[in-house]
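# Structural overview for review
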Amino acid sequence: MNLGGVVAINKRAFALLLCGCFSVVIVYNLLKYEDAKIREELVEEAEEKFHIGIHKPLTSSDLSTVVSLKDLLKLAVEAVIKGGEQVKNVKEKSDLEVIVKGKTKEGVIDPKTQADMLSHQVMTSVFQEKAPGVKVVSEEHADEILEVKAKEVNLDSLFENDSQPGGLNNIINELVSAKDVSVWIDPLDATKEYTENLTSYVTTMACIAVKGKPVIGAIHYPFEGITYWGWNGKGVSSKLKVAQEVPSKMTVIVSISHAGNVSKIIQKAFRDSEIVKAAGAGYKMMKVAKREVTAYIHVTDIKKWDTCAGHAIVLAAGGQVTTLMGGAINYHHDSEKLIADGLLATLSGHSEIFEKLKKVCPKGIRKC
């Protein structure tokens, strides 16, 4: 036996074997999903995206930075439901522990409660534990870790009605780089109304933005037990019923406590319009997504965690959202957190409405 002999190696065969090993690694390290069908879809898409084979083997950085948008949608829904549970529990115990953070420019008290903090902790932990590679931006910041227990959410039963055309089960998945993902969380929208027992306005919200664009939104109503989601370009949850008929009368929904001079502007731009006052940006965005109002107009400063989830759902329902200067809103986690140029959300007729507003405020909303 000649142990010192020379072995001839087929370089192409060796390359294929090596890349085959990388394929196994991506399945084992990245795609540990419960749904076998989703796992197969992700493997195929990853092979195409990263050219697994002799062209371009995966690197270790590739293996740690790819995320599934379908899984992020499920995490968003899980987060808003778990956060909503905390919001409801605190309310039932009547132990809000209200702290005044300050006042808005309009002089309205900006409160924070125990529910805000517990919801924040639960919602952020969902992403930190299950999608650690993405950046999370929340309205709140915990100074200390609170002891909190959250029930597990049965996502399978939650999405079982989304098997119709356009439902989640029939949506083709997408993989994106984790560094391009920004998660925006509002642990308790309409906190002021929450303290005043106006719970119908209260929502918990999570948004998935990719390269600054709002792609996925999830909004949960804790006291109604209803959750809506939307994936721009893919579809909306089965519970989101969009009215087919456009309201015969121009109806604009506006903020109760952050109104500014919005009523005056609307009356000048649309003489025969009806103004509906409501709290919570999530609540108002959902009114637009369902086509229960013609438009949502906001003229004062507003934070992006208030708008991102609703923005994504309105887009998924076929609508449009811009600033009142006509610009796009950047939801990258490093961007400015404040929207200072107002907001216009519509399901149809966006350009016409914008042009009428522009005639009233030609130099922009700040000088109107």
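Look up: the structure comes first, before these words.
Keep in mind that what you see is a predicted model, and the values were worked out from it rather than measured.

## Notes on the pattern of salt bridges
Under the criterion given, the structure shown has six salt bridges. For Lys234, the salt bridge is made with Glu174, and the minimal N-O distance between the two is 3.2 Å. Taken as a pair, Lys234 in the loop between strand 9 (226-231) and strand 10 (235-236) and Glu174 in the loop between helix 6 (155-158) and strand 5 (175-177) lie far apart in primary sequence, 60 residues in all. Overall, the relative accessible area of 25% leaves Lys234 in the partly exposed class. Owing to a relative accessible area of 31%, Glu174 belongs among the partly exposed residues under this scheme. The salt bridge involving Lys287 is made with Glu292; its shortest N-O contact spans 2.8 Å. Several salt bridges share partner residues, and in doing so they unite Glu78, Lys82 and Lys130 into one network.

## Thoughts on the sheet that holds strand 9
Spatially, six strands are ordered 4-6-7-8-9-10 in an open sheet, and the strand pairing comes out mixed. Only two strands of the sheet have a single neighbouring strand rather than two, namely strand 4 (135-138) and strand 10. Sheet topology note: the strand 4/strand 6 (residues 181-189) ladder contains four bridges and is parallel. Bridge assignment links Ser138 to a residue of strand 6, and that residue is Ile185. Packing of helix 5 (residues 114-130) onto the sheet brings it into contact with strand 4, strand 6 and strand 7 (203-210), and relative to strand 6 it is tilted by some 155°. Of the strands in this sheet, strand 4, strand 6, strand 7, strand 8 (213-221), strand 9 and strand 10 touch helix 10 (residues 304-316), which is tilted by about 100° from strand 8.

## Here we look at helix 8 (residues 262-269)
Among all positions of helix 8, only Val262, Ile265, Ile266 and Ala269 are buried. Down the axis of helix 8, the buried side of the element spans an arc of 95°, and every buried residue falls inside it. Exposed and oriented more than 90 degrees from the buried face of helix 8 are Lys264 and Lys268. Packed against the buried residues of helix 8 are strand 11 (251-255), strand 12 (274-278), strand 13 (295-298) and helix 11 (350-360).

## What about the nonpolar core?
Note on soluble globular proteins: their nonpolar side chains tend to be buried together. One finds Tyr194, Met286 and Tyr296 to be the most contacted residues of the largest nonpolar core, which totals 44 residues. Looking at this core, the elements with two or more residues in it are helix 4 (69-93), helix 5, strand 6, strand 7, strand 8, helix 9 (281-289), helix 10 and strand 17 (343-346). For Tyr296, the contacting residues outside a window of four places in its chain are Ile253, Ala281, Lys284, Met285, Val288, Ile302, Leu343, Leu344 and Ala345.

## A closer look at the sheet that holds strand 15 (residues 320-322)
If you walk across this open sheet you meet the five strands as 12-11-13-17-15, and the pairing is mixed. Single-partner strands in this sheet number two, and they are strand 12 and strand 15. Looking at each pair of strands side by side, their axes are set apart by 20° on average, direction ignored. Across four bridges, strand 13 lies against strand 17 in antiparallel orientation. If you follow Tyr296 over to strand 17, its bridge partner there is Ala345. Across the sheet, helix 10 touches strand 15 and strand 17, and the angle it forms with strand 15 is around 140°.

## Comments concerning the packing of aromatic side chains
This model, assessed by the stated rule, comprises five aromatic pairs. Residues Trp184 and Tyr331 carry aromatic rings whose centres are separated by 6.2 Å and whose planes lie at 80° to one another, so their mutual orientation is edge-to-face. In this pair, Trp184 is assigned in strand 6 and Tyr331 in the loop between strand 15 and strand 16 (338-339), connecting sequence segments 147 residues apart. Take Trp184 and Tyr331: they sit in the same class, and that class is buried. The interplanar angle of 85° and the centroid separation of 5.9 Å between the aromatic rings of Tyr221 and Tyr228 together place this pair among those described as edge-to-face. According to the relative accessible area criterion, Tyr228 is buried, its value standing at 6%. Taking NZ or CZ as reference, Lys91 lies 5.1 Å from the ring centre of Tyr194, over its face. If you follow Lys234 out to its NZ or CZ, it ends over the ring of Trp231, 5.5 Å from the centre.

How each quantity is defined
- Residues numbered from 1 in each chain as written.
- Predicted model: local features only at pLDDT ≥ 70, side-chain atom pairs only at ≥ 80, totals over all residues.
- Heavy atoms only, no water.
- Salt bridge = Lys/Arg side-chain N within 4 Å of Asp/Glu carboxyl O.
- Helix = DSSP H or I, 4+ residues; strand = E, 2+ residues; numbered from the N terminus.
- Buried < 20%, exposed > 50% of the residue type's maximum accessible area, 1.4 Å probe, protein only.
- Pairing = 2+ DSSP bridges.
- Contact = heavy atoms within 4.5 Å.
- Axes fitted to C-alpha atoms, helices over the stretch in contact; angles between N-to-C directions.
- Arc of directions from axis to C-beta.
- Core = buried A, V, L, I, M, F, W, Y, C linked by side-chain atoms within 4.5 Å.
- Phe/Tyr/Trp six-rings, centres within 6.5 Å; stacked < 30°, edge-to-face > 60°.
- Lys NZ or Arg CZ within 6 Å of the ring centre and 35° of its normal.

Function cannot be read off these values alone, since they describe shape.
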